[in-house]
Amino acid sequence: MPTLPIYLDYSATTPIDPRVAEIMIPYLTEKFGNPASRSHAFGWDADQAVERAREEVAGLVNCDPKEIVWTSGATESDNLAIKGAAQFYKGKGKHLITVRTEHKAVLDPMRELERQGFEVTYLDPEPNGLLDLDKFTAAIRPDTILASVMHVNNEIGVIQDIETIGEICRGKGVLFHVDAAQSTGKAPIDLARLKVDLMSFSAHKTYGPKGIGALYVRRKPRIRLEAQMHGGGHERGMRSGTLATHQIVGMGAAFRIAAEEMATENERIRMLRDKLWAGVSTLDEVHLNGDMQQRVPHNLNASFNFVEGESLMMAIKDLAVSSGSACTSASLEPSYVLKALGRNDELAHSSIRFSIGRFTTEQDIDFAVQLLHKHVGKLRDLSPLWDMHRAGIDLNSVQWAAH
Amino acid sequence: MSYSDKVLDHYENPRNVGALEANDASVGTGMVGAPACGDVMKLQIKVNDAGIIEEARFKTYGCGSAIASSSLVTEWVKGKTLDQALAIKNTAIAEELALPPVKIHCSILAEDAIKAAVADYRNKHEVVSAGYAACDPAAA
Ligand SMILES: Cc1ncc(COP(=O)(O)O)c(C=O)c1O
């Protein structure tokens, strides 16, 4: 019997790898110096640790360490990249392009730019979650300054073709930002080859600490940004604030481990995910959300039709998962990501995201499959929609009294 | 979100799950909500000759609070007259189950389900009597 509850929400956050935590601890106590202190060994040691971590982060994504700017996380990186570039290059044009399935950390800065007089095109993905590159190309205008397309989607795990999108952008003189919060350690990233100008990272999705992230800012050709945080001029003026040495050291160690282990780790995780899907897809009316091929191995997002997501999560409370159901938020709107794929409301309300990680075992997956079989059946016995479905009634033909 | 003990109890041991014969003249069926909103409740009541609700059944698609609200309502309407059942207010349901503000709509839906089931029952009886009247040659 596995220890309960079982954590299957690695896309929300990951535990810090114990090897990473061990490396971080001395930087909280004896190695506490300010990396900006130039006049003594406390500062020099801290600075050295920060620069080593910068190399480790750069190592995972194959860029120059000088292109890495520390931030507090992917939210801040997205804000700095999008608002910073738009404000710096606004003389060239005021149009930006993004996708409806982006994280709020991209969509909200875009909304803010609209309030500041910029214009934003929000592209719909195809039903499999992927962007149609012809539609993307068609959206580019002479006044387009920046496009932002995430690498891996946080809800459905699909991988966008950032290589081709980068080529298109470079060909048209459009800056390209990629939110890679969900892809480090999961999908390979080679910034020497990719035509990406700005890329956001977060430590806590890759077994590092929360509250630390980085923004890759290309130097050749050089990308300029308007700072969003003004102060002592740290990080070459792009992001002021005393560097959080222990967090940075943690992010470096976490990304180094990811680089070393991702190939073997991902194979193991893919095997577990496929086992989970094989186990649940034998149930009737279970629908996979997002493309299965162009997808990270960690993610399974499925809709259990005619069962509401929150009640299912309540039934499977021994599994820590998340749902696209409206009931998990204060609003009554189900997941905007699933809606953007064209999923109907019922399927969006019935979705569960399982995200598997470093510490998931085969036993955990077996247990999860068993639990799902038991409770999906029980909840369907309670569901009037299931009865109607079995009686052959098309739910779309019913006049519902919306409330 | 954390649930009250009463919500958990009704969710784990729902009362009166199932269906009554919808075509039976003594049965009133109410179906409220919409899949698009994340909850649909079906409540059925069986009314005896004395005008008392003697049985109630439900099926609900929705969150735990929606399931608990409908389960609770099946217990509450039993033994009541139609007018007494109609007097059950969502605030009483919400209070009994200690629903948080974001779940108040579940109790409103349960109240609506009672109204819809009673209306269906009353409708049937008007239609039935109208039907007899229409077929009564003496009335023509
Ligand atoms: C795709 C994506 N972007 C941005 C973020 C925000 O990252 P952080 O928590 O580091 O601010 C997340 C995590 O929630 C994410 O999944």
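All of the points below concern the structure found in this document. (Residues numbered from 1 in each chain as written. Chains lettered and ligands numbered in written order. Predicted model: local features only at pLDDT ≥ 70, side-chain atom pairs only at ≥ 80, totals over all residues. Heavy atoms only, no water.)

Chain B puts 30 residues into the contact, and the matching count from chain A is 28 residues. The junction of chain B with chain A conceals about 2500 Å² of combined surface from both sides, 66% of it contributed by carbon and sulfur atoms. Of all residues in chain B, Tyr 11, Pro 35 and Tyr 61 of chain B give up the largest surface area on contact with chain A, accounting jointly for 27% of the area buried on that side. For the interface between chain B and chain A, the tally reads three salt bridges. Taken together, the connections running from chain B to chain A amount to 13 residue pairs in polar contact (both at pLDDT 80 or more). Of all the elements in the fold, those that place two or more residues in the side of chain B that touches chain A are helix 1 (5–12), strand 1 (27–34), strand 2 (39–47), strand 3 (53–61), helix 2 (64–77) and helix 5 (104–135) of chain B. Residue composition of the side of chain B that touches chain A, by class: 19 nonpolar, six polar and five charged. (Contact = heavy atoms within 4.5 Å. Buried area = accessible area lost by both parts, 1.4 Å probe. Salt bridge = Lys/Arg side-chain N within 4 Å of Asp/Glu carboxyl O. Polar contact = N/O pair within 3.5 Å; in protein donor to acceptor, adjacent residues only side chain to side chain. Helix = DSSP H or I, 4+ residues; strand = E, 2+ residues; numbered from the N terminus. Nonpolar A, V, L, I, M, F, W, Y, C, P; charged D, E, K, R; others polar.)

Okay, the site of the ligand next. All names here are of chain A. Taken together, 13 residues sit near the ligand, with Thr 75, Asp 179, Gln 182, Ser 202 and Lys 205 positioned nearest. One of the side-chain nitrogen or oxygen atoms of Thr 75 is found 2.6 Å away from an oxygen atom of the ligand. Taking Asp 179, its side chain carries an N or O atom lying 2.6 Å from a nitrogen atom of the ligand. Out of a free accessible area of 390 Å², the ligand has 85% covered by protein chains. The leading source of residues in the shell around the ligand is helix 3 (residues 74–88), at three residues. Grouping the amino acids of the shell around the ligand by side-chain chemistry returns three nonpolar, seven polar and three charged. (Near = heavy atom within 4 Å. Areas by Shrake-Rupley, 256 points an atom, 1.4 Å probe, with all protein chains shown as cover.)

Here we take up the packing of aromatic side chains. Working definition: an aromatic ring pair is given by the centre-to-centre distance plus the angle between the planes. All names here are of chain A. Per the counting criterion, the structure on display carries eight aromatic pairs over all chains. Taking the centre distance of 5.0 Å and the plane angle of 70° together, the rings of Phe 88 and Tyr 89 count as edge-to-face. Residue Phe 88 is classed as partly exposed on the basis of its relative accessible area of 33%. Grouped by ring-pair contacts, the aromatic residues Tyr 7, Tyr 10, Tyr 207 and Phe 359 constitute a single cluster. (Phe/Tyr/Trp six-rings, centres within 6.5 Å; stacked < 30°, edge-to-face > 60°. Buried < 20%, exposed > 50% of the residue type's maximum accessible area, 1.4 Å probe, protein only.)

Here we take up unusual backbone geometry. Residues and elements named next belong to chain A. The linkage connecting Leu 4 with the following residue, Pro 5, adopts the cis geometry, with an omega of -10°. Tracing the backbone through its elements, the reader meets Pro 5 in the segment before strand 1 (6–7). Omega for the bond connecting Lys 220 with Pro 221 falls within 30 degrees of zero, at -5°, which places this linkage in the cis form. For Pro 221, the position within the fold is in the loop between strand 8 (213–217) and helix 7 (245–280). Even without a glycine there, the phi angle at Phe 306 is positive, about 75°. With respect to the secondary-structure elements, Phe 306 resides in the loop between strand 10 (299–304) and helix 8 (309–315).

All names here are of chain B. In the contact formed by helix 2 and helix 4 (residues 90–97), the axes pass within 10 Å of each other and the chain directions differ by 110°. In terms of orientation, helix 2 lies roughly perpendicular with respect to helix 4. In terms of crossing hand, the pair formed by helix 2 and helix 4 is right-handed. Taking contact as the criterion, the partners of Ala 68, Ser 69, Leu 72, Val 73 and Trp 76 in helix 2 are, on helix 4, Ala 92, Ile 93, Glu 96 and Leu 97. (Axes fitted to C-alpha atoms, helices over the stretch in contact; angles between N-to-C directions. Parallel < 35°, antiparallel > 145°, perpendicular 65-115°, else oblique. Left-handed = near helix turned anticlockwise from the far one by under 90°.)

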